[in-house]
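Commentary on secondary and tertiary structure
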Amino acid sequence: MSSELRYTANTQLEHLHARYTGTGHADLSKYDWVTHQHRDTLASIVGHPTLTSFLAIADGESKGRIKFEMTEKMLQPCGPPPRKDDD
Amino acid sequence: MHLYNLTLQRPTAAIQAIVGNFSGFREQELIVSHGTSLELLRIDTHTGKISSAVVTDVFASIRSIASFRLAANHKDYAIIGSDSGRIIVLEFSVDSGKFIKLHQETYGKSGARRIVPGQFLAIDPKGRSVMISALEKSKLVYILNRDASVNLTISSALEAHAEGCIMQHIVGVDVGFENPTFAALEQDYTESDQDASKVAQKMLTYYELDLSLNHVMRRWSVPTDLRANLLVQVPGGQGGPSGVLVCCEGHIMYQNMDAVQHRIPIPCREGSSADRGLLIVSVVMHKMKDRFFFLLQSESGDLYKVTLEHSDNEVRTLKIKYFGTVPVSTSLCVLKSGFLFVASEFGNQHLYQFQALGEDDDQLEYSSATYNDFGILEDEIVSLDPIIDSQVLNLSSHSDSPQIFTACGRSSQSTFRTLRHGLGVEEVVECDLQSSPTAIWATKHIENDTTNDYVILSFTNATLVFSVGETLEDVQNTGFLSSVPTLAVQQLDSDSLVQIYPGGVRRILPNGHVQEWTPPSGLTIITVAANTRQIAVALSSTEIVYFELGLDDQLEECEIRKAMGSSILAIGIGTVEQERQRYPFLSVGCEDQTIHTLSLDPQHTLECISLQALQAPPSSICTIGNLVHVGLQNGVLLQTVLDTNTGQLGDTQSRFLGTRPVRLSRVVLQDGIEALLALSSRSWISRNRNNTHTTAFTPLLCDALEHACGFVHDICPDGFIGTTGSVLRIFCLPKLKDSNKLHQESVPLCHTPRQMVCHPNNNYIYIVETDNRMAINPPAGTWSSSIHILDPTKGETIACIPLDHTEAAFSITIVPFSARGGQLMLVVGTATNVVQVPRSFTSAFLRLYRFKENGEIELHYKTEIDDVPLALLAFQGRLAAGSFARSIVTLHTQGSRIVVGDMEQSLDFLTYKAPDNRLLVVADDMQPRWTTCSTILDYNTVAAGDRFGNIFVNRLDSDVSEAVDADPTGAGLLRQKPLLNGAAYKTRDLPTSIHKTTLVAGACEVILYTAWHGTVGILAPLSSKDDVDFLSILEQQIRGEQGTLVGRDHLSWRGYYAPVKGIVDGDLCETFHLLSDTTRQITDGSDVAQTNE
């Protein structure tokens, strides 16, 4: 279980978090939140054929390349995580 | 405001294609996903031509599609992963010609979401199970089986989730008859999200479905290349070593559990950049009896053939070889009959026939400096994908309806296409007769003949007879009277001909004898109706004389003559059905604007059964089946249903065909279907729509014909012969059977088109074309651009003017500068070194060009500006330019108002206050829509489309509008009120241009939009409350009755981003024709919905 859920006592909420990736909670950091947003957006681009195709023309790439790069970007869409001071 | 959305042309982009025996025939077929519709294609292996068997709208977004076959089954099924949150198994039913939903299993929310499966499908090669996966975390496995009565069964979902794993691809591993196994390319972010020092590995993981335990487990997982993007199944069991090919950027690997890894680089072209390896974008594995090979396509379009040398189920070497170059595809399909179907990612789809499999030639298995032909192009499916810009204009002098000019395609495959509603005509013969005929017939001599023997032309004082052979030859002594004009020619009985002329009825018997009937002295025959057994002639005394073939094959005159009391202008009779003696009714149109139905029953001969009033005097009548078509002198055609029992007329529909009196003739098409040829100032053909009970009128794209009829000959089976003035022409309609009624003509372009503008005086079209990354495998920011000038009516390029290196052109307009006395100038917005992500550029320019006499242009001057202009507008003799900083993409003006469309901030209304020389924002939208196109509908209303496929209509409150215009300085009105939301609707595609236009002369104005994947659609206003109610209820009923093919809730799909408001889905209403009769009765007892086009 990820550390962000460490403090969540409510098991029901814990279940919810486990089930729905991207669900927020009180201690969500800005980095996590933005990362989730970006992952959702990237997944939506890959999932909608028109958007992939639109980007492919705009950027002069093939659709396959756009899909690949978008999926790759899902790993760290906003760069590496910030250094944790308290740990 | 209520609008009716109707697609004129479905999307033509091929998102994915699969191959299989979906009908259960011997020949393989293709299913192509167009994103929102599915199409079944058949390939004629002899001619190499592709034909479309069926197209179905699914009212959802199809994300993935795969075919599978149950063991010992003769038919393949298709599995669909869509945005419905459901897995769907489809069967193609040959009997009904439709896709049938076999199974629909719900597993998650709807929408193309990150963790809802549907993005990838992987099938066990033995057809025992399927894995459906999301982009992240979720993977579900379903077991496919058969029950006792050989029906497909599907298990409940088995989870193979991996928290925090991003999926790049999945594939079924061929393990023979061992437990089904799936391979996944995945990357876990849970650790790297927490700790910046951790690097996430990309893993190749095997998931095994234990059939005995009904459980999926992670079998094997190894790190693979970080830039791996695709997996390919390698045959296993008896036929191969099993395992997968992992396609990575720049090389290909073979990996399998407990096997040695092999790796080979992908050959790249000379001069390609070394920074970035080539990516494989599509792949196909083809298994033959004793061997198999892979065709891989790189992002630059090169095909590679990869083979494995293996022994004892162990791979020895991996070989790669350049194979050929075809357009970059989304799917490659190899058919057993030796064809390669390339579903191009942009532009037309291609079908090639293999000439060689690249085995015999001695080309080095690494060098790819030269091209070789692996096959020949057999057929193409035309595709508009993507439509980047369009204009709807009527530039053709002899057309009363506008043409749609589209700029489509990408880089060197870009085209400028002209779309017209109608059927293209293929001219076979054309000759000048010196004088104009008054009528024309093509007839056969003997009833059972399949082709025409004679062509008869009538002139004002003569009749010419031609015999049909290799050529048309003038013949004498045919028995026809040549010194008189002819009113009708009819093949009678089994082997005789009848010529009807003003002075009599002349029957020509096969032995050359002639029987003649003449009207009483002083009277002449005015008009006539005839079929193979009956003749009715109208005399100048308004009487009708009726003849019928008797039992001894003699033409017998009926004793009764019927006086109509008013001049008879047209009469019509239907054809005699097989085994029948006669057609029972005669339709008579009189000058007093009435049409009478007379009985031909021997008991009640020529008794009047019914009478109907017309809006104008009739000019022609033609009865086909139970439909009586009445052409009027004002150019209107009435279509009335004749009750074959009672003879009553009812259910009349009218249609305006043109400005001239309508002439009708019956034609029999190749498949034995009777169709109607209607001539006015335009020529039309009307035939039954496929599998429906309605008729479709389609104009013919040729010069207006004055007289025409069907002409059957070996060289043109579905031919026609007609006259325009004194010109005789024989033509055929090659695209008659296509469901697509938009005719295309294309002109090639040099680069990807961006924007176009039409010159108001010379009607030339000026297009700016720009391509990014114009080199082999180049970095972003290398652009090449040009300005393309073409003549749309002739379909030819006038000039193509390249711009300076690295300068990219984005926008174009023509401005009448008031400072130069209204002189028209062409303005092009450009920028250098533009990078899209993150946005940057070096310098931006406005280029001004002067027009030369011949329509070409010369540079006047070039001025540097602060920002990249993405939109330009002529505004009150000046130029308005949208900027890159706020991403203004559309500009429109009316009066002193400018409507600005922003790439991500929807629409703004601006007003120009001349005293202060200021532009003020007076209203903006409530929602931040990502505008792609917009158009002004009226002074306060604007229609626009956004990037997510929505079309919306916004209206400014008229009070605010007046206040804005009344205020001289505009000081008091900064951001007063938001725009009001008028209508909203999710279309099937991404709208790229939107226009207000009339498509048919005299019809109401409609909103026409073109969209990215090649869709052309209209939004027609519904004028009456009755129409709105009727269509809304019909839509609601159909929605409730059938559900969509992939289980997506229709209303929620149309309201994907914003609730549907004020728009009825015509595409759904049109499916009414496809419902079964019983459902149709339940759904609605009343009439079939009328549509505009």
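Here the structure is a predicted model, which is why all the values come from computation and not from measurement.

1. Brief notes about the overall build of chain A
In terms of helices and strands, chain A carries 4 helices and 0 strands. For chain A, the N- to C-terminal ordering of α and β elements is α-α-α-α. Classification of the 87 residues of chain A by burial places 30% in the buried group.

2. Section: the overall build of chain B
Scanning chain B for helices and strands turns up 6 helices and 86 strands. In terms of overall size, chain B behaves like a compact globule, its C-alpha atoms giving a radius of gyration of 34 Å where 1093 residues would be expected to give roughly 31 Å. Judged by the C-alpha coordinates and their principal axes, chain B covers about 110 × 85 × 60 Å. Per-residue burial over chain B gives 46% buried out of 1093 residues. Excluding contacts between residues fewer than 6 apart, the proportion of contacts in chain B whose partners are at least 24 apart in sequence is 50%.

3. Thoughts on the confidence of the model for chain A
Reading fine detail from the predicted coordinates is not recommended where pLDDT is low. This prediction gives chain A a mean pLDDT of 84; 86% of its residues lie at or above 70. The element-level mean pLDDT for chain A is lowest in helix H1 (residues 11-19) of chain A, coming to 79, with helix H4 (residues 63-73) of chain A highest at 95.

4. Here's the deal with the interface of chain B and chain A
Taken together, the contacts link 44 residues of chain B with 31 residues of chain A. Of all the elements in the fold, those that place two or more residues in the side of chain B that touches chain A are strand S15 (165-173), helix H1 (190-194), strand S23 (280-287) and strand S66 (765-772) of chain B. Of the residues in the side of chain B that touches chain A, the class split is 15 nonpolar, 16 polar and 13 charged.

5. Details of unusual backbone geometry
Residue and element names in this part refer to chain B. With an omega of -10°, the peptide bond running from Asp385 to Pro386 counts as cis. By secondary structure assignment, the location of Pro386 is in the loop between strand S30 (375-381) and strand S31 (387-393). Despite not being glycine, Ala72 shows a phi value in the positive range, around 65°. On the secondary structure map, Ala72 appears in the loop between strand S6 (62-68) and strand S7 (77-82).

6. A look at the confidence of the model for chain B
Residue and element names in this part refer to chain B. Summary statistics for chain B give a mean pLDDT of 87 and a share of 94% for residues scoring 70 or more. Predicted confidence for residues 364-371 stays below pLDDT 50, and this span has 10 contacts to residues more than four positions away or in other chains. Note on residues 1085-1093: pLDDT is under 50 here. Beyond four places in sequence and across chains, it has 16 contacts. Among the prediction metrics, the complex's ipTM stands at 0.88, with pTM recorded as 0.88.

7. Thoughts on the environment of Arg19 of chain A
Residue and element names in this part refer to chain A. Considering the arrangement of structural elements, one finds Arg19 in helix H1. With 11 C-beta atoms packed within 10 Å, Arg19 lands in the exposed category. For Arg19 and Phe54, which are 35 residues apart along the polypeptide, the C-alpha to C-alpha distance reads 32 Å.

8. Things to note about the pairing of strand S85 (residues 1016-1021) of chain B
Along a regular strand, successive side chains alternate from one face of the sheet to the other. All names here are of chain B. Within S85, 5 of the 6 residues are buried, which leaves it mostly tucked inside the rest of the structure. Both strand S1 (residues 3-9) and S85 contribute to a ladder of 6 bridges, which runs antiparallel. Note that in S85 the partner of Asn5 across the bridge is Leu1019. In the sheet, strand S84 (residues 1006-1011) pairs with S85 via 4 bridges, with the strands oriented antiparallel. Counted as the bridge partner of Tyr1009 is Gly1017 from S85. Hairpin connection, S84 to S85: the antiparallel pair is bridged by 4 residues, and Gly1014 has positive phi, about 100°.

9. Digging into the sheet that holds strand S2 (residues 16-20) of chain B
All names here are of chain B. Pairing is antiparallel in the open sheet, where 4 strands are placed in the order S2-S3-S4-S5. Two strands in the sheet have a free side with no partner beyond their single neighbour: S2 and strand S5 (49-57). In this sheet, adjacent strand axes meet at a mean angle of 25° when their direction is disregarded. As paired elements, strand S3 (residues 29-33) and strand S4 (residues 37-44) share 5 bridges and run antiparallel to each other. Opposite Glu29, over in S4, you have Arg42 as the bridge partner.

10. Side note on the domain arrangement of chain B
In terms of domains, chain B is made up of domain 1 (519-701), domain 2 (752-885) and domain 3 (892-983). The distance between the C-alpha centroids of domain 1 of chain B and domain 2 of chain B comes to 58 Å.

11. Regarding the nonpolar core
Residue and element names in this part refer to chain B. Ile79, Val232 and Cys247 are the most contacted members of the largest nonpolar core, which totals 220 residues. Here this core takes 6 residues from S15, the largest share from any one element. Viewed by domain, this core spans two of them, domain 2 (752-885) and domain 3 (892-983), each represented by three or more residues. Counting residues in each nonpolar core, the second largest holds 84 residues, with Ala439, Ile573, Leu638 and Ala708 among its members.

12. A few points about the environment of Gln554 of chain B
Residues and elements named next belong to chain B. Summarising the element assignment, Gln554 is placed in the loop between strand S46 (543-549) and strand S47 (555-557). For Gln554, a count of 12 C-beta atoms within 10 Å puts it in the exposed group. Considered as a pair, Gln554 and Asp493 are 61 residues apart in the sequence and their alpha carbons are 9.3 Å apart.

13. Concerning the UniProt feature "domain: RSE1/DDB1/CPSF1 C-terminal" (unreviewed entry) in chain B
According to UniProt, the feature "domain: RSE1/DDB1/CPSF1 C-terminal" (unreviewed entry) maps to residues 785-882 and 888-1072 of chain B in the numbering used here. Counted over residues 785-882 of chain B, helix gives 0% and strand 64%. Its end C-alpha atoms are 20 Å apart.

14. Some remarks on the packing of helix H2 (residues 30-47) of chain A against H4 of chain A
All names here are of chain A. Following both chains from N to C, one finds H2 and H4 inclined at 160°, their axes separated by 9 Å at the closest point. By the angle class used here, H2 and H4 are roughly antiparallel. Judged by the twist between their axes, the crossing of H2 over H4 is left-handed. Facing Leu42, Ile45 and Val46 of H2, the residues of H4 in contact are Lys67, Met70, Thr71 and Lys73. Here the contact of H2 with H4 is built from residues that sort into 4 nonpolar, 1 polar and 2 charged.

15. Describing H2 of chain A
With 18 residues, H2 of chain A should reach 26 Å at 1.5 Å per residue; the first-to-last C-alpha distance of 26 Å fits that figure. Buried residues of H2 of chain A: Thr35, Arg39, Leu42, Ala43, Val46 and Gly47 of chain A, and no others. Projection of H2 of chain A onto a plane perpendicular to its axis shows the buried side chains occupying an angular sector of 130°, all on one side. Set apart from the buried face of H2 of chain A by more than 90 degrees, the exposed residues are Lys30 and Val34 of chain A. Against the buried residues of H2 of chain A lie helix H3 (49-59) and H4 of chain A together with S6 and H1 of chain B.

16. Some remarks on the pairing of strand S9 (residues 98-106) of chain B
Residues and elements named next belong to chain B. Note that strand S8 (residues 86-93) and S9 share 8 bridges and pair antiparallel. Bridge pairing in S9 places Phe92 opposite Phe99. The antiparallel pairing of S8 with S9 creates a hairpin that spans 4 residues between the two strands, and Gly97 there sits at a positive phi of about 65°.

17. Some points on H3 of chain A
Residues Pro49, Thr50, Leu51, Ser53, Phe54, Ala56 and Ile57 of chain A constitute the buried set of H3 of chain A. Those residues of H3 of chain A that are buried lie in contact with H2 and H4 of chain A.

What counts and what doesn't
Residues numbered from 1 in each chain as written. Chains lettered and ligands numbered in written order. Predicted model: local features only at pLDDT ≥ 70, side-chain atom pairs only at ≥ 80, totals over all residues. Helix = DSSP H or I, 4+ residues; strand = E, 2+ residues; numbered from the N terminus. Buried ≥ 20, exposed ≤ 12 C-beta atoms within 10 Å, placed from the backbone. Rg over C-alpha atoms; globule rule 2.2 N^0.38 Å. Contact = placed C-beta atoms within 7 Å. pLDDT = per-residue confidence, 0-100. Nonpolar A, V, L, I, M, F, W, Y, C, P; charged D, E, K, R; others polar. Pairing = 2+ DSSP bridges. Axes fitted to C-alpha atoms, helices over the stretch in contact; angles between N-to-C directions. Domains from an automatic or database assignment. Core = buried A, V, L, I, M, F, W, Y, C linked by C-beta atoms within 7 Å. UniProt positions renumbered as here; feature names shortened; annotations may be inferred. Parallel < 35°, antiparallel > 145°, perpendicular 65-115°, else oblique. Left-handed = near helix turned anticlockwise from the far one by under 90°. Expected span 1.5 Å × (residues − 1). Arc of directions from axis to C-beta.

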